[in-house]
Amino acid sequence: MKFVKNFNNNAALVSDESEVDWVVIGNGIGFGKKAGDPIDEDKISRRFIAVGENLKMVDSVRDIDQRTLALTTAVINLASKQLQITFSDYQFMVLADHIDFMLTRATENIELGQDTLGWEMRKLFPKEYGTAQEALELMQGKTKLDFPTSEAAYLTYHFINAGSGQTKLQDTIKITKLIRGVVDIIQYQYGMQLDTESFNFNRFMTHLRAFMVRHMCGECEKDSGEELDNSLIELMKVKYQKAYDTVQKIGTYLYKQTGWKMQPDDQVYLTLHVWRVTHRQNDEQLRES
């Protein structure tokens, strides 16, 4: 690869043998280089095809340093292994920018103090939150800085985002708030606290998140659900009446919040999930009493 130009101390534009332009990131990757000079590829920690969006991303984190890059790579390696998720180039840059700010806050003893947010993320996404706590411990060990536990909630957002396909961070935050609202509706309708540690709850969260991602990506508009047998919905109404009624309230809530219209197949699957996450929990409580 040959050097083309610097973006900052740790990011440069280079060209490969096929004359394809790349954005490369690494400690001092383009320091002292002139156009046409070879690049030390051992210094490259991340590379992206040089398209418009990637160039904008690099510009937004032009002050990123090598410590931040190393921590970002370590955190991504941990999360990828623990959660079986993949970070896109965009998600890498957003996380690097976030970690860079985390280091600033820790150095200057600034705490954002979102204890309520931490509780919410821990309950709704226990696996991602647990990995975020491990990431904090990893970062503390490498930097000798103390990070407040509230930082785990923000890292959790990034992990959820990476596991949700093409959704962006702001969409992930929106999804989390909507899920919280759905859980509140179910708990109110059934007069119970859902067991957020249970297998059924985690399955429900996975389905609910996928359902919302599809709506955000516009995929639900392609499938109106008209081919679904109406008798199946009638069966839901009769066999799982309370769960079905609860799903109708969820549908009203989501429509008011987002304008989404719940399709017949959505109603069927959500009814089954609501029944499972409440009915089986009640059965377990009865067995224990």
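Residues numbered from 1 in each chain as written. Predicted model: local features only at pLDDT ≥ 70, side-chain atom pairs only at ≥ 80, totals over all residues. Heavy atoms only, no water.

Caption draft 1: Summary view of helix α6 (residues 151-162). For α6, spanning twelve residues, the distance from its first C-alpha to its last is 17 Å, which sits close to the expected 16 Å at 1.5 Å a residue. With twelve of its twelve residues buried, α6 lies for the most part within the structure. Taken together, the buried positions of α6 are occupied by E151, A152, A153, Y154, L155, T156, Y157, H158, F159, I160, N161 and A162. (Helix = DSSP H or I, 4+ residues; strand = E, 2+ residues; numbered from the N terminus. Expected span 1.5 Å × (residues − 1). Buried < 20%, exposed > 50% of the residue type's maximum accessible area, 1.4 Å probe, protein only.)

Caption draft 2: Representation of the pairing of strand β3 (residues 21-25) within the structure. Judged by how many residues are buried, β3 sits mostly within the fold: four of five residues are covered. Pairing geometry for strand β2 (residues 11-15) and β3, over five bridges, is antiparallel. Opposite L13, over in β3, you have V23 as the bridge partner. The turn joining β2 and β3, which pair antiparallel and follow one another in sequence, is formed by five residues; a positive phi near 65 degrees is taken by E19. Pairing of β3 with strand β4 (residues 46-49) involves four bridges; the strand directions are antiparallel. Across the sheet, the residue bridging to W22 is I49, located in β4. (Pairing = 2+ DSSP bridges.)

Caption draft 3: Local environment of the packing of helix α2 (residues 66-83) against helix α3 (residues 89-107). With their axes 9 Å apart at the nearest point, α2 and α3 run at an angle of 120 degrees to one another. By the angle between their axes, α2 is oblique relative to α3. Crossing geometry of α2 relative to α3 is assigned as right-handed. Two secondary-structure elements touch here, α2 through R67, T68, L69, L71, T72, T73, V75 and I76 and α3 through F92, L95, A96, I99, D100 and L103. Grouping the amino acids of the contact of α2 with α3 by side-chain chemistry returns nine nonpolar, three polar and two charged. (Axes fitted to C-alpha atoms, helices over the stretch in contact; angles between N-to-C directions. Parallel < 35°, antiparallel > 145°, perpendicular 65-115°, else oblique. Left-handed = near helix turned anticlockwise from the far one by under 90°. Contact = heavy atoms within 4.5 Å. Nonpolar A, V, L, I, M, F, W, Y, C, P; charged D, E, K, R; others polar.)

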